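Structural overview for review
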Amino acid sequence: MRVLIVEDEIMVAMLVEDLLTDLGCDVTGPAVSAETAVEAARREVVDFALLDVNLDGGTSFAAADVLRERGVPFAFVTGYGDQGVRPDLRDAPILSKPVDPRQLARTIAAAR
């Protein structure tokens, strides 16, 4: 499973990448801004994406819209709970920060 990481904090992105690699995923990214997230969502061939909601003053919502149009499943990662996610996107899984490895494993398993 190829997973796109959208995360503006490099240490968090590295931790998530390690967790995904341990789950047998191939990782691309991280996209670190709203603009690069949209570009990656359009360009990358992925099976799943993990989207940090807040990206250095922007959000990952436009990238989520692109992924949804392409039929690529995704989950949000946020410290703000579901209230931090745009209402029309709340049907996607929402993982809390810091990322719980068990919750991430369940989310990846469900996406497979």
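Please read all numbers here as calculations on a predicted model, not as lab measurements. (Residues numbered from 1 in each chain as written. Predicted model: local features only at pLDDT ≥ 70, side-chain atom pairs only at ≥ 80, totals over all residues. Heavy atoms only, no water.)

Of all 5 residues that make up strand β6 (residues 74–78), 5 are buried, and the element is covered over most of its length. A two-sided burial pattern is seen for β6, the buried positions comprising Phe74, Phe76 and Thr78 on one face and Ala75 and Val77 on the other. As paired elements, strand β3 (residues 48–52) and β6 share 4 bridges and run parallel to each other. What sits directly across from aspartate 52, in β6, is valine 77. As paired strands, β6 and strand β7 (residues 94–96) are joined by 3 bridges and run parallel to one another. Bridge pairing links valine 77 to leucine 95 in β7. (Buried < 20%, exposed > 50% of the residue type's maximum accessible area, 1.4 Å probe, protein only. Helix = DSSP H or I, 4+ residues; strand = E, 2+ residues; numbered from the N terminus. Pairing = 2+ DSSP bridges.)

Moving on, we get to the packing of aromatic side chains. Overall, the coordinates contain 2 aromatic pairs when judged by the stated rule. Here phenylalanine 61 and phenylalanine 76 contribute two aromatic rings whose centre-to-centre distance is 5.9 Å and whose plane-to-plane angle is 75°, an arrangement assigned as edge-to-face. Here phenylalanine 61 is found in helix α3 (residues 61–70), whereas its partner phenylalanine 76 is found in strand β6, with 15 residues between them in sequence. Both rings, one in phenylalanine 74 and one in phenylalanine 76, keep their centres 5.4 Å apart while their planes meet at 75°; by these two values the pair is edge-to-face. An aromatic cluster is defined as three or more aromatic residues linked by ring pairs; in this entry it consists of Phe61, Phe74 and Phe76. (Phe/Tyr/Trp six-rings, centres within 6.5 Å; stacked < 30°, edge-to-face > 60°.)

Pairing between sheet strands relies on hydrogen bonds along the backbone, with the strands arranged either parallel or antiparallel. With parallel pairing, 5 strands are arranged side by side in an open sheet as β2-β1-β3-β6-β7. Two strands bound the open sheet, and with one partner strand each, they are β2 (26–31) and β7. The average undirected angle you get between the axes of adjacent strands in this sheet is 20°. Relative to β2, strand β1 (residues 2–6) is paired through 4 bridges, and the arrangement is parallel. Across the sheet, the residue bridging to leucine 4 is threonine 28, located in β2. Along the sheet, α3 contacts β3 and β6; its crossing angle with β6, the most-contacted strand, is approximately 165°. Each of β1, β3, β6 and β7 touches helix α4 (residues 101–111); the most contacted strand, β7, lies at about 165° to it. (Axes fitted to C-alpha atoms, helices over the stretch in contact; angles between N-to-C directions. Contact = heavy atoms within 4.5 Å.)

Spatial relationships are all this shows, so hold off on functional conclusions.
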